[in-house]
Amino acid sequence: MSVYIIHGGNRVRGRVAVHGAKNSALPILAAAAVCGDSVIENCPRLTDISVAMEILGHLGCRARREGDAILTTQGGPGDCRIPDELMGAMRSSIVFLGGMVARHGCAELTLPGGCELGARPIDLHLFALSQMGADITEAGGRLYCSAPRGLHGARINLSFPSVGATENTIIAAATARGETVLTGAAREPEILDLIDFLRGCGASIDMALDGTIRVEGVERLHGVRHRVIPDRIAAGTYLCAAAMTGGELLAQDVVPGHISSCLSLLEGAGCRVETGPDWVRLTAPERLEAFGTVKTMPYPGFPTDMQSVMMAAATVARGTTLFVENIFESRYRHVPELRKLGASIVTEGRAAVVTGVERLTGASLVSTDLRGGAAVVLGALAAEGESVVAGLDHIDRGYDDLEGNLRRLGADIKRDG
Ligand code: EPZ
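Since the structure is predicted, the reported quantities are computational estimates derived from the model, not experimental observations.

**What to know about the site of the ligand**
- In the vicinity of the ligand, 23 residues are found, and the nearest of them are Asp123, Leu124, Ser162, Asp305 and Ile327.
- Arginine 331 places a polar side-chain atom, nitrogen or oxygen, 3.2 Å from an oxygen atom of the ligand.
- Against a free-state accessible area of 830 Å², the protein chains account for coverage of 87% of the ligand.
- Broken down by secondary-structure element, the contributors of at least two residues to the shell around the ligand are helix H1 (22-32), helix H5 (123-131), helix H6 (163-174), helix H10 (304-314) and helix H12 (370-382).
- The dominant element in the shell around the ligand, judged by the number of residues it contributes, is H5, at three residues.
- Of the residues in the shell around the ligand, the class split is ten nonpolar, six polar and seven charged.

So, in structure tokens, the structure goes:
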């Protein structure tokens, strides 16, 4: 089992090119199951992406990598099932459901269990598909969906703007009979990227200013060459690493507008932030000021996926920061790890109060989940002395060459084992 060995204290400075967004590439690969042969560029090398490619193979769509692109080719009829071990390997494999029912008229899956972020129900995904004519039953931890006469358009209102449920609905609606009108949908940049991809394949999809999504189903979708948007969470992670170590970073291949909530917090904490069309330059003060109050919200609010790395930065800032996690019920598993470094954090329910300390000290740490793992690494980069971070499989799900990038930015980090 590999670990990171980190000797903290170096400033993070230099230039980093940010990889493509995992959370765009995954739904786009799921959509590729119902489209013609496609070339999807800027796909990061992550274990979650490899799992998605394997799932596509089971669904009758071959996926192979060429450099940073994934080429999808329609093959045989494929299967109605995703093997249990692939469902278990990645909770977001549920995003294949809409495409499977659209393509095969059926789907059989194990239910994606609750995971490290607390209960993660899929009721909204199932509600949307049932509105579109799918029969859904659950038995023995398995989910059976069928639509033998195909899916039809529907008016669907999501009671919460779930990212995955929005993606599943859009993918299913793209080839359903008639019009789907989706309200209460998520509007994360990754949703717009999925819509761009599907439009490029011939889908008829519009998003109104009020966020209503209209999809007029088409008979068939052709293929397209599409470039995945940059990963806003990876970008924010590198910026926080520089911000908390008194560093200076030029992050390239970034859409500054996608991370504006994060940039304004960093500016408010004393960082100088300059932006261009596809870059952000951050110059950190010697010591950050606290962030005030950070509440996670659906986009364009502050993203839950950045909460942990922002918290890592807050642990060494001057003053007190209040975090309120509004998206997931249990997303503070990094807190005990940051405390091992000497951070002062008190949690109660959805709130966490972080009082910045002058110094952190290296410790033996565990990466508890993907973004929590990144936060732990950032804490170790700022700490004096050596830290060892285990549980890298979580980090490998979402960061393409985190240690290589950090090393090139001056950090003393290596992977062992
Ligand atoms: C996506 O997960 C992302 N994953 C997550 O990123 C991200 O944290 C999340 O959106 C929120 O932004 C991918 O895109 C692959 P949701 P998703 O459905 O789609 C509740 C990362 O670190 N809910 O918007 O699963 C749910 O329990 C990952 O990259 C229901 O109640 O998120 C949660 O509290 C982790 N019923 C909230 O909505 C449902 O049917 C948001 O979930 C669906 C969701």
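**What about the environment of arginine 103?**
- With respect to the helices, strands and loops of the structure, arginine 103 is situated in helix H4 (residues 97-104).
- In this structure, the C-alpha to C-alpha distance between arginine 103 and valine 34, residues 69 residues apart in sequence, is 6.0 Å.
- Discounting chain neighbours no more than four positions away, the residues touching arginine 103 are Ala33, Val34, Leu59, Gly60, Cys61, Gln74, Gly76 and Pro77.
- Polar side-chain contacts of arginine 103 include one of 2.9 Å to the backbone oxygen of alanine 33.

**Considering helix H8 (residues 232-244)**
- A rise of 1.5 Å per residue sets the reference length of H8, with its 13 residues, at 18 Å; its end C-alpha atoms lie 18 Å apart and thus fit the reference within 8%.
- Buried residues dominate H8, accounting for 13 of its 13 residues.
- The backbone nitrogen of isoleucine 233 lies 3.0 Å from a side-chain oxygen of the residue at the head of H8, namely aspartate 231.
- Immediately beyond the C-terminal end of H8, within one or two residues, lies glycine 246, with a positive phi of roughly 65 degrees.

**Some thoughts on the pattern of salt bridges**
- Following the criterion strictly, the structure yields 21 salt bridges and no others.
- The residue arginine 232 makes a salt bridge to glutamate 190 at a minimum N-O spacing of 2.8 Å. Residue arginine 232 is found in helix H8, and its partner glutamate 190 is found in helix H7 (residues 189-200); the two are separated by 42 residues along the sequence.
- Residue arginine 232 is classed as buried on the basis of its relative accessible area of 9%.

**Here's the deal with unusual backbone geometry**
- Cis geometry is adopted by the peptide bond preceding proline 300, which originates at tyrosine 299 and carries an omega value of 10 degrees.
- Among the structural elements, proline 300 can be located in the loop between strand S17 (293-295) and H10.
- A positive phi angle, close to 60 degrees, is found at aspartate 253, a residue other than glycine.
- In this fold, aspartate 253 is placed in the loop between strand S14 (248-252) and helix H9 (260-268).
- Take aspartate 253: its relative accessible area is 37%, and that puts it in the partly exposed class.
- Of note, the phi angle at aspartate 401 is positive, near 55 degrees, even though the residue is not glycine.
- With respect to the secondary-structure elements, aspartate 401 resides in the loop between helix H13 (392-396) and helix H14 (402-408).

**A look at helix H2 (residues 47-58)**
- Taking 1.5 Å per residue as the helical rise, H2 with its twelve residues ought to reach 16 Å, and the 17 Å between its terminal C-alpha atoms agrees with that figure.
- Listed in full, the buried residues belonging to H2 are Asp48, Ile49, Val51, Ala52, Met53, Ile55 and Leu56.
- Structurally, H2 contributes buried residues whose contacts are with H1, strand S4 (61-66), strand S5 (69-74) and helix H3 (84-89).
- Of the residues one or two after H2, glycine 60 is the one with positive phi, at around 90 degrees.

**Brief notes about empty space enclosed by the protein**
- Evaluated as defined, the whole model comprises one cavity of 30 Å³ or more.
- By volume, the largest cavity amounts to about 40 Å³.
- Surrounding the largest cavity, Arg232, Gly257, His258, Ile259, Ser260, Ser261, Tyr299, Pro300, Gly301 and Pro303 form its lining.
- Classifying every residue of the lining of the largest cavity gives four nonpolar, five polar and one charged.

Here is what the cut-offs are and how they apply
Residues numbered from 1 in each chain as written. Predicted model: local features only at pLDDT ≥ 70, side-chain atom pairs only at ≥ 80, totals over all residues. Heavy atoms only, no water. Near = heavy atom within 4 Å. Polar contact = N/O pair within 3.5 Å; in protein donor to acceptor, adjacent residues only side chain to side chain. Areas by Shrake-Rupley, 256 points an atom, 1.4 Å probe, with all protein chains shown as cover. Helix = DSSP H or I, 4+ residues; strand = E, 2+ residues; numbered from the N terminus. Nonpolar A, V, L, I, M, F, W, Y, C, P; charged D, E, K, R; others polar. Contact = heavy atoms within 4.5 Å. Expected span 1.5 Å × (residues − 1). Buried < 20%, exposed > 50% of the residue type's maximum accessible area, 1.4 Å probe, protein only. Salt bridge = Lys/Arg side-chain N within 4 Å of Asp/Glu carboxyl O. 1 Å grid on protein atoms, 1.4 Å probe; cavity = no way out; pocket = protein on both sides within 12 Å on 5 of 7 lines; lining within 4 Å. Points joined across faces, edges and corners; volume = space filled by probe spheres on them.

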